[in-house]
Amino acid sequence: MKLCICIYVLLVILINLANSWNINNKIKLKRFFGSIASLVIATNTYNPQLAWSFGPTDVDIKVVSYKPVELCNGKKPIMPGQKAAEGLFPVCIEVEADVTNPDPARTLTDVSVYGFVKENGAGNSVLPNNPDFRSDSGQYAMIKSIPPGKSRQTYQFVAAFSADPKKEELPSISFDKTKARAYPGGDKFKALDIC
């Protein structure tokens, strides 16, 4: 990095010295030194590890199994938008999935899970934030952390069913177009604090 700064300063000095030359040579020299400066900066500052901080990392995910559980992340399941979801019953679903973290050196945290979840018998969505299958951009769950490489992880979400799970057997569901993405910093959808 120090070498890059020294070369850049040297190029700036040479460009300023070229100001005393005639106009044609000055333009050619500025273009030449500008190209050299760009090349030096680009080659000395490129680092694939730093590149991750500018964009999300896609994580391979394959749902293996699911089961209803009593509590979602330690809380009784409630649905957002209870007026719109009137007549539906909230059920906490715990999903087990095989995931692959493509980054060999870093554990990904707070990985967002997206996709469609359908009640097979009725054919409707069980996701309260996507009741009509019109949006595949809605996050419905989060995986706390994924270590480098392949692993099996669990995550939970609240599903909205038309049948009361206390009186009837839980209908089967299917997962379509499930994808997971880790965002730089992993600070997506966290509660605000004093800072």
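Summarised in this report is the structure supplied together with it.

1. What to know about the environment of valine 59
Here valine 59 shows up in strand S1 (residues 57-69). Note on valine 59: relative accessible area 4%, which makes it buried. Linking valine 59 and aspartate 103, residues 44 residues apart in sequence, is a C-alpha distance of 9.4 Å. Contact partners of valine 59, with chain neighbours within four places excluded, come to Val99, Thr100, Leu108, Val111, Ile146 and Ala180.

2. Description of the nonpolar core
Grouped together as the largest cluster of nonpolar side chains are 26 residues, with contacts concentrated most on Ile93, Tyr140, Tyr155 and Phe157. Elements supplying a minimum of two residues to this core: S1, strand S2 (89-101), strand S3 (108-119), strand S4 (139-146), strand S5 (149-161) and strand S6 (173-182). Broken down by element, the residue count for this core peaks at five residues, all from S2. Residues contacting phenylalanine 157, with those up to four places away along its chain left out, are Cys72, Val91, Cys92, Ile93, Val95, Val117, Leu127, Tyr140, Ala141 and Phe175. Among the nonpolar cores identified, the runner-up in size contains five residues, and Cys72, Met79, Val158 and Ala160 belong to it.

3. A closer look at the packing of aromatic side chains
Where two aromatic rings form a pair, the distance of their centres and the angle of their planes describe that pair. The final tally for this structure, using the stated rule, is four aromatic pairs. Taking 5.0 Å as the distance between ring centres and 80° as the angle between the ring planes, the aromatic pair formed by tyrosine 140 and phenylalanine 157 counts as edge-to-face. Taken together, the positions of tyrosine 140 in strand S4 and phenylalanine 157 in strand S5 put the pair 17 residues apart, joining distant regions of the chain. For tyrosine 140, a relative accessible area of 10% puts it in the buried group. By way of ring pairs, the aromatic residues Tyr66, Tyr140, Tyr155, Phe157 and Phe175 are connected into one cluster.

4. Section: the state of the cysteines
Where two cysteines share a covalent bond between their sulfur atoms, that bond is called a disulfide. Within the structure shown, the criterion is met by one disulfide. In this model cysteine 72 forms its disulfide with cysteine 92; the gap between the sulfur atoms is 2.0 Å. In this structure the cystine formed by cysteine 72 and cysteine 92 twists about its S-S bond by roughly 100°; its chirality is therefore right-handed. Of this pair, cysteine 72 sits in the loop between S1 and S2 while cysteine 92 sits in strand S2, and the two are 20 residues apart along the sequence. Cysteine 92 carries the same exposure label as cysteine 72, and that label is buried.

5. Topic: unusual backbone geometry
Of note, aspartate 110 is a non-glycine position whose phi angle comes to about 50°, a positive value. Structurally, aspartate 110 can be placed in strand S3. Even without glycine at this site, lysine 177 takes up a positive phi of about 50°. By secondary structure assignment, the location of lysine 177 is in strand S6. Lysine 177 sits in the exposed class, given a relative accessible area of 64%.

6. Side note on the layout of surface pockets
The calculated volume of the second largest pocket comes to roughly 370 Å³. In terms of lining, the second largest pocket is formed by 13 residues, of which the most central are Glu70, Pro77, Pro90, Pro165 and Lys166. Ranked by residue count, the leading element in the lining of the second largest pocket is S2, at four residues. For the lining of the second largest pocket, the per-class residue count stands at nine nonpolar, no polar and four charged.

7. Examining the sheet that holds S1
Taken in spatial order, the six strands of this open sheet run S4-S3-S6-S1-S2-S5, and their pairing is antiparallel. Only two strands of the sheet have a single neighbouring strand rather than two, namely S4 and S5. Going across the sheet, the axis of each strand differs from the next one's by a mean of 30°, ignoring polarity. Here S3 pairs with S6 via seven bridges, running antiparallel. The partner of lysine 118 across the bridge, within S6, is serine 174.

Definitions and limits used
- Residues numbered from 1 in each chain as written.
- Predicted model: local features only at pLDDT ≥ 70, side-chain atom pairs only at ≥ 80, totals over all residues.
- Heavy atoms only, no water.
- Helix = DSSP H or I, 4+ residues; strand = E, 2+ residues; numbered from the N terminus.
- Buried < 20%, exposed > 50% of the residue type's maximum accessible area, 1.4 Å probe, protein only.
- Contact = heavy atoms within 4.5 Å.
- Core = buried A, V, L, I, M, F, W, Y, C linked by side-chain atoms within 4.5 Å.
- Phe/Tyr/Trp six-rings, centres within 6.5 Å; stacked < 30°, edge-to-face > 60°.
- Disulfide = S-S within 2.5 Å.
- 1 Å grid on protein atoms, 1.4 Å probe; cavity = no way out; pocket = protein on both sides within 12 Å on 5 of 7 lines; lining within 4 Å.
- Points joined across faces, edges and corners; volume = space filled by probe spheres on them.
- Nonpolar A, V, L, I, M, F, W, Y, C, P; charged D, E, K, R; others polar.
- Pairing = 2+ DSSP bridges.
- Axes fitted to C-alpha atoms, helices over the stretch in contact; angles between N-to-C directions.

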